[in-house]
Amino acid sequence: MPAEQRQRIENVLEILETWQEDPILVRFVHLGRLEEPWLQETPAFESISDSDPCAKSMEIFDEQATALTQVFSAARIAELEIDRIYDPKIHDPWFESFDWEAFSQDELLLVPAVIALESADRIAGPGEQSFSRLLNSGRPVHILVRVQPHNNPGALEGEDPFQSYRTELGYLGIGHRQAVVTQSSPARHLHLLSGYLSALDATRTSLHVLNTGIRLQQHSGVWLNAWLVAGAALEGRAHPFFHINPAAGDTSAARMDFDENPQPAIDWPLHPFEFRDENGTAVSTEIPFTFADYALLIERLRDHFRLIPSEVESNALVPVDEYLNLDDREAYKRVPFIWAVDSNAILRRLIVSRALILACRDRLNYWRTLQELAGVRNRHVELAVESTRAEEQAKASANREQLIAQHNEEVERVRNEAASEAMQRLTQVLLSTDFSTAPSFGAAAPLKAPTP
């Protein structure tokens, strides 16, 4: 064995024999202190505090990957030596530049997971640069962000959440194209777990935008569980679900999973509703659940509603879902409202503030954008279908007119042929008749001049 080869094999053996597996399987990087008992009770988890979780997570991953680079390269060199195909001219330069980007998927899965627990407000503000840099890096680091759908992460401190258009962190993640992006909540735990598993298997940077809900106490003293409030956010298009996997293909339809959204083909989910009118008659109908209905659950947003006296009747009052489909000229003449039930179980109408109705319009706009990305309700496809339908109708109309014209021509031709044939037969009859043998009908009277 050449001395160079022997030295290479001894180096490989030393690396493989002295390598110690990292006992930590998951490292959480977060702001401040993380008061979670299960983190302390699980030795395979480590909690790391840092003022910039995204930047720190990149640093930790690089340190871990660098430590494993020697191990993985040694294992590969050993395989090549065993197969007796190691060529120093070819393989030496390649292994000199070997780093985590050359890891196989199996090797990347052996790197301890790094999870950055980020703040929505920080990502939409001073932390956006490191957040964006991590998403574009390709490093298989996971970012978990907790959001409240009725808040705006991009709002300044003290600003009303409806003062400006909402900063959508999920859509910001989609803009980074090669990152796995999931927007979910514990309200649908299977969807949440599926997003986690898909991100772990993808070995890409992943972003999880999660709505954990909030526990609310109603005026009746009844508490609404956080999962129920999170479910209402899903129903009201405040926090739509989606999962983006860039490895699935280069088209939006292939990359995007839009499952678990209720009634995804329409603007707002419709639900059956039964009540009794002023005469006590039972009435069954369907009522849409809008973003305004979700906002009514949040106590600090109650100022955006005003009670309409029961005796007030006006054609200007229209439900929120209908109001949002009006053009601007018509909308100025109308007042949007939603239905609510008071403490006496009486059905009442609530006027919605201008700020909230604009927020509803913003939510609807975002929902339709996601629909288009998912191919559920693509305007380009709708226009193509309408154009094709118009062309087919025009062709059918032209064919129908052509058939009618041909039919009329055929009828006219047959009529002319029939008349010509009848005249020919009549002529033949007249020409073949001998009028000299025709019977006499009496002698003609002699002609004479009229009497003066």
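Residues numbered from 1 in each chain as written. Predicted model: local features only at pLDDT ≥ 70, side-chain atom pairs only at ≥ 80, totals over all residues. Heavy atoms only, no water.

A few points about the environment of leucine 169
Checked against the element boundaries, leucine 169 lands in helix 8 (residues 169-174). Sequence separation of leucine 169 and isoleucine 123 is 46 residues, and the distance between their C-alpha atoms is 8.2 Å. Contacts of leucine 169, omitting those with residues within four sequence positions, involve Ala120, Ile123, Ala124, Val145, Val147, Pro153, Leu207 and Val209. (Helix = DSSP H or I, 4+ residues; strand = E, 2+ residues; numbered from the N terminus. Contact = heavy atoms within 4.5 Å.)

Quick look at the sheet that holds strand 3 (residues 113-119)
On the basis of which strands lie adjacent, the open sheet formed by 8 strands has the order 2-1-3-4-6-5-9-10 and mixed pairing. The open sheet has two edge strands with one neighbour each: strand 2 (45-49) and strand 10 (256-257). Where strand 5 (residues 180-184) and strand 9 (residues 242-244) come together, 3 bridges link them in antiparallel fashion. Its bridge partner lying in strand 9, valine 181 is registered against isoleucine 244. Sheet strands in contact with helix 3 (residues 53-82) are strand 1 (26-30), strand 2, strand 3 and strand 4 (142-146), and its direction is about 175° off that of strand 3. (Pairing = 2+ DSSP bridges. Axes fitted to C-alpha atoms, helices over the stretch in contact; angles between N-to-C directions.)

Here's the deal with the pairing of strand 1
A large share of strand 1 lies buried, amounting to 5 of its 5 residues. By the bridge criterion, 5 bridges tie strand 1 to strand 2 in an arrangement that is parallel. Directly across from histidine 30, in strand 2, lies its bridge partner serine 49. (Buried < 20%, exposed > 50% of the residue type's maximum accessible area, 1.4 Å probe, protein only.)

Digging into the sheet that holds strand 16 (residues 347-352)
Read from one edge to the other, the open sheet built from 4 strands follows the order 13-16-15-14, with strand pairing classed as mixed. Two strands bound the open sheet, and with one partner strand each, they are strand 13 (305-308) and strand 14 (317-319). Between one strand axis and the next, the sheet turns through 50° on average, direction left out of account. As judged from the 4 bridges shared by strand 13 and strand 16, these two strands associate in the antiparallel manner. Residue phenylalanine 305 lies in a different strand from strand 16, and its bridge partner there is valine 352.

Digging into the nonpolar core
Ranked by size, the top nonpolar core spans 75 residues in total, and within it Phe242, Phe291 and Leu356 carry the most contacts. Apart from the residues lying within four places of it in its own chain, the contact partners of phenylalanine 242 are Gly170, Ile174, Val181, Thr182, Gln183, His191, Met256, Asp257, Phe258, Tyr366 and Leu370. Phe28, Ala113, Leu192 and Leu210 belong to the second-largest nonpolar core, a separate cluster that totals 8 residues. (Core = buried A, V, L, I, M, F, W, Y, C linked by side-chain atoms within 4.5 Å.)

Description of the pairing of strand 4
Of all 5 residues making up strand 4, 4 are buried, and the element is well covered by its neighbours. With 5 bridges joining them, strand 3 and strand 4 adopt parallel strand pairing. Bridge pairing in strand 4 links isoleucine 115 to histidine 142. Relative to strand 6 (residues 206-210), strand 4 runs parallel, the two sharing 5 bridges. Bridged to arginine 146 within strand 6 is leucine 210.

Comments concerning the packing of aromatic side chains
This model, assessed by the stated rule, comprises 13 aromatic pairs. On the basis of an interplanar angle of 85° and a centroid distance of 5.5 Å, the ring pair of phenylalanine 61 and tryptophan 100 is categorised as edge-to-face. Of the two residues, phenylalanine 61 sits in helix 3 while tryptophan 100 sits in the loop between helix 4 (88-96) and helix 5 (105-109), which places them 39 residues apart along the sequence. Since its relative accessible area comes to 1%, phenylalanine 61 is described here as buried. Ring plane angle 45° and centroid distance 5.4 Å describe the contact between tryptophan 94 and phenylalanine 98, whose orientation is recorded as tilted. Taking the relative accessible area as the measure of exposure, tryptophan 94 reaches 38% and is therefore partly exposed. What makes phenylalanine 98 buried here is its relative accessible area of 7%. Taken together, the ring pairs connect Phe72, Tyr86, Trp94, Phe95, Phe98 and Phe103 into an aromatic cluster. A cation sits over an aromatic face here: arginine 237 above tryptophan 367, 3.7 Å from the ring centre. (Phe/Tyr/Trp six-rings, centres within 6.5 Å; stacked < 30°, edge-to-face > 60°. Lys NZ or Arg CZ within 6 Å of the ring centre and 35° of its normal.)

Thoughts on the environment of leucine 39
Looking at the secondary structure, you find leucine 39 in helix 2 (residues 37-41). With 11 residues separating them in the primary sequence, leucine 39 and phenylalanine 28 have C-alpha atoms 9.3 Å apart. Leaving out residues up to four positions away in the same chain, leucine 39 has contacts with Phe28, Leu34, Phe45 and Ser47.

Here's the deal with helix 7 (residues 128-137)
Listed as buried for helix 7 are Ser130, Phe131, Leu134, Leu135 and Ser137. The buried residues of helix 7 occupy an angular sector of 160° when projected down its axis, which confines them to one face. Every exposed residue of helix 7 that faces more than 90 degrees away from the buried side is listed here: Gln129, Arg133 and Asn136. Taken together, the buried residues of helix 7 touch helix 3, helix 6 (120-123), strand 4, helix 8 and strand 6. At the C-terminal side of helix 7, glycine 138 shows a positive phi close to 85°. (Arc of directions from axis to C-beta.)

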